Amino acid sequence: MIRKELSRSYQELSEETDAGLGEPAITEDMDEEDVDQEDAESSVLPDSETDRNSPPIRFSRTCLKNVFSVLLIFVYLMLMGVAVFIVYQTITDFREKLKHPVMSVSYKEVDVYDAPGIALYPGNAQLLSCKHHLYDHIPPLENPGLPGENKCVTQKINYIDPFTNQTMKNALIVQGPRDVRKRELVFLQFHLNETKQDFSAIDYLLFSSYQNFLKSPNKTKFMQDCESSFSSWKFSGGFRTWVKMSLVKTTEEDGSESVEFRQETSVVNYIDRRSSTEKGDQLFFVVFEWKDPYIQEIQDIITANPWSMIALLCGVFLVLFKAADFAKLSVKWMIKIRKRHLKKRARELNHMS
């Protein structure tokens, strides 16, 4: 009975002191102070036995809350560092991809090619025959070294060498094969009478379209541009040179297209059965054929997508904003707990006084 009366007297005394303080901060947190008063009442007159055996629960709970808040702030700082690193790495990768585009190679299958132009520079050699054959079948030669049939579309043109501006060049332009499915090929033979050279060869170059050559208003300028843009090759006398062509189209960064020929050549020795008096004339044989029905298209592609980078940065900043908001609430919560703890100590000191 004495203990109950003492607790009631202490409770009335604590209510009077709470009413006499009148601070605005205390009136705002009335619900919290009710809980604090209950904790204070239970801690003002503790039993001696409970004091000795029970651990300091209130101190441990406050300590855990503070440690948890510090951990949340540490997590926020770690997230901020990771976010800054990701943003820096993303911008760096984007700049590197802009500087180094990736080459994209695709193959387009066709049944019929646009007939290429074959520019031959025979010099003193004479064209004996030119024929188109199908299915990779070349019949045996009839009267080698003598003029034969010419069933090819040809045209002769003279122009000044674009590199020296002095040498006059004589070119024989021949229409190349078209039907790749039927393995169409063009077979030409030349002869050179009484050559004084130890080695003899005929130069040639390939350009993409024979029709463009025919439609060109200035064929001389057209051939000079072709010689400046395309590489030239040779085929030798006394052999049959088999040329298999493939077409490569390249799209430049400014949108313009360039065409290049790639070729594979195989050389077969010609068995000359002519008489010794006729062998003074050098013979040349060359075959032009498409390698396969695929046109190789090359294009530089920039793999850096600005929209994906913007989406990634938005996601990073959103996570960073959420983490900052969470850390701000944690700091407020820690400050609030600290204020409550100080208020409890102040009330306890007032009770003891």
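Going by the structure above, here's the rest.
This write-up is about the structure you can find in this document.

So, how was this worked out
- Along each chain, numbering runs from 1 in the same order as the chain's sequence is written.
- Restriction of local features to residues with pLDDT of at least 70 applies here, the model being predicted, together with a cutoff of 80 or more for giving and counting side-chain atom pairs; totals for whole chains, interfaces and linings are based on all residues.
- The side-chain quantities take in all heavy atoms of the structure and omit both hydrogens and water.
- Secondary structure counts use DSSP, requiring at least four H or I residues in a row for a helix and at least two E residues in a row for a strand, with both numbered from the N terminus.
- A 1.4 Å probe rolled over the protein chains alone gives each residue an accessible area, and that area as a share of the maximum for its type sets the label: buried under 20%, exposed over 50%, partly exposed in between.
- For accessible areas, the Shrake-Rupley method is used with a probe of radius 1.4 Å. Any residue's cover is judged against the shown protein chains and nothing else.
- Should any heavy atoms of two residues lie within 4.5 Å, those residues are considered in contact.
- Any two rings among Phe, Tyr and Trp, with Trp reduced to its six-membered ring, count as a pair given centres within 6.5 Å; such a pair is stacked if its planes are under 30 degrees apart, edge-to-face if over 60, and tilted if neither.
- For a ring to carry a charge above it, either NZ of a lysine or CZ of an arginine must fall within 6 Å of the ring centroid while also lying within 35 degrees of the normal to the ring plane.
- Nonpolar side chains (Val, Leu, Ile, Met, Phe, Trp, Tyr) within 5 Å and like charges within 9 Å form the patches, drawn only from residues with over 30% relative accessible area and no salt bridge.
- Should a side-chain nitrogen of Lys or Arg be within 4 Å of a carboxyl oxygen of Asp or Glu, the pair is scored as a salt bridge.
- At least two bridges found by DSSP between two strands are what make those strands a pair.
- Lines fitted to C-alpha atoms define the axes here, with helix axes fitted over just the stretch in contact, and angles between the N-to-C directions of these axes take values from 0 to 180 degrees.
- Residues adjacent in sequence count toward polar contacts only when both atoms are side-chain atoms; beyond that, a polar contact is any pair of N or O atoms within 3.5 Å, and within protein one must be able to donate a hydrogen and the other to accept it.
- As used in this record, nonpolar core signifies buried Ala, Val, Leu, Ile, Met, Phe, Trp, Tyr and Cys residues forming a set joined through side-chain atoms within 4.5 Å.

**With respect to the overall build of the protein**
The number of helices and strands found in the protein is eight helices and twelve strands. Per-residue burial for the protein yields a buried fraction of 30% across its 353 residues. With an accessible surface of roughly 23,400 Å², the protein has 55% of that area assigned to carbon and sulfur atoms.

**Observations concerning the environment of Lys131**
Here Lys131 shows up in strand β3 (residues 126-133). It is 8.3 Å that separates the C-alpha atoms of Lys131 and Leu185, two residues lying 54 residues apart in sequence. Not counting the four nearest positions on each side in its chain, Lys131 is found in contact with Glu149, Cys152, Leu185, Val186 and Phe187.

**Thoughts on the packing of aromatic side chains**
What characterises a pair of aromatic rings is the spacing of the ring centres plus the angle enclosed by the ring planes. The tally for this structure, following the rule as stated, stands at 13 aromatic pairs. Measuring from ring centre to ring centre gives 3.8 Å for Tyr113 and Trp290, while their planes differ by 10 degrees; the resulting arrangement is stacked. Taken as a pair, Tyr113 in the loop between β1 (102-109) and β2 (117-121) and Trp290 in strand β11 (residues 282-290) lie far apart in primary sequence, 177 residues in all. Given a relative accessible area of 3%, Tyr113 falls into the buried group. A residue is classified by how much of its surface remains accessible, and Trp290, at 4% relative accessible area, is buried. Note on Phe207 and Phe222: the rings are 5.5 Å apart at their centroids and 80 degrees apart in plane angle, and the pair reads as edge-to-face. Residue Phe207 is found in strand β7 (residues 201-207), and its partner Phe222 is found in helix α7 (residues 219-229); the two are separated by 15 residues along the sequence. You'll find Phe207 and Phe222 in the same group, each marked buried. Connected via pairs of aromatic rings, a cluster forms that spans Phe190, Tyr204, Trp233, Phe235, Phe284 and Phe288. The residue whose ring lies beneath Lys169 is Tyr121, and the NZ or CZ to ring-centre distance is 4.5 Å.

**Looking at a nonpolar patch on the surface**
Taken together, the side chains of Phe74, Val75, Met78, Leu79, Val82, Phe85, Ile86 and Leu312 present a nonpolar region at the surface, about 710 Å² in accessible area. With seven residues, the single largest contributor to the nonpolar patch is helix α5 (residues 57-99). Tracing the backbone shows Ile86 in helix α5.

**Some thoughts on the sheet that holds strand β5 (residues 168-175)**
If you walk across this open sheet you meet the five strands as β4-β5-β2-β7-β8, and the pairing is antiparallel. Sheet topology places β4 (154-160) and β8 (232-236) at the edges, where each strand pairs with a single neighbour. Shown here is a sheet whose adjacent strand axes are inclined to one another by a mean of 30 degrees, direction ignored. Two strands pair when backbone bridges link them, and β2 and β7 are joined in this way by five bridges, in the antiparallel orientation. Among the inter-strand pairings, Leu120 is bridged to a residue of β7, identified as Tyr204.

**Side note on the environment of Asn150**
Within the element layout of this structure, Asn150 appears in the loop between β3 and β4. The spacing of Asn150 and Leu127 is 23 residues in sequence and 8.8 Å in space, taken between C-alpha atoms. At a separation of 3.3 Å, a polar atom in the side chain of Asn150 contacts the main-chain amide nitrogen of Cys152.

**Focus on the nonpolar core**
Ranked by size, the top nonpolar core spans 27 residues in total, and within it Leu120, Val174, Leu188, Phe190, Phe235 and Phe288 carry the most contacts. Looking at this core, the elements that each hand over two or more residues are β2, β5, β6 (185-192), β7, β9 (239-251) and β11. The residues touching Phe190, leaving out its near neighbours within four places in the chain, are Leu120, Pro122, Ala125, Gln126, Leu127, Leu128, Leu172, Ile202, Phe235, Gln282, Leu283 and Phe284. Phe207, Phe222, Cys226 and Phe230 belong to the second largest nonpolar core, which has 14 residues in total.

On their own, these measurements won't tell you what the molecule is for.
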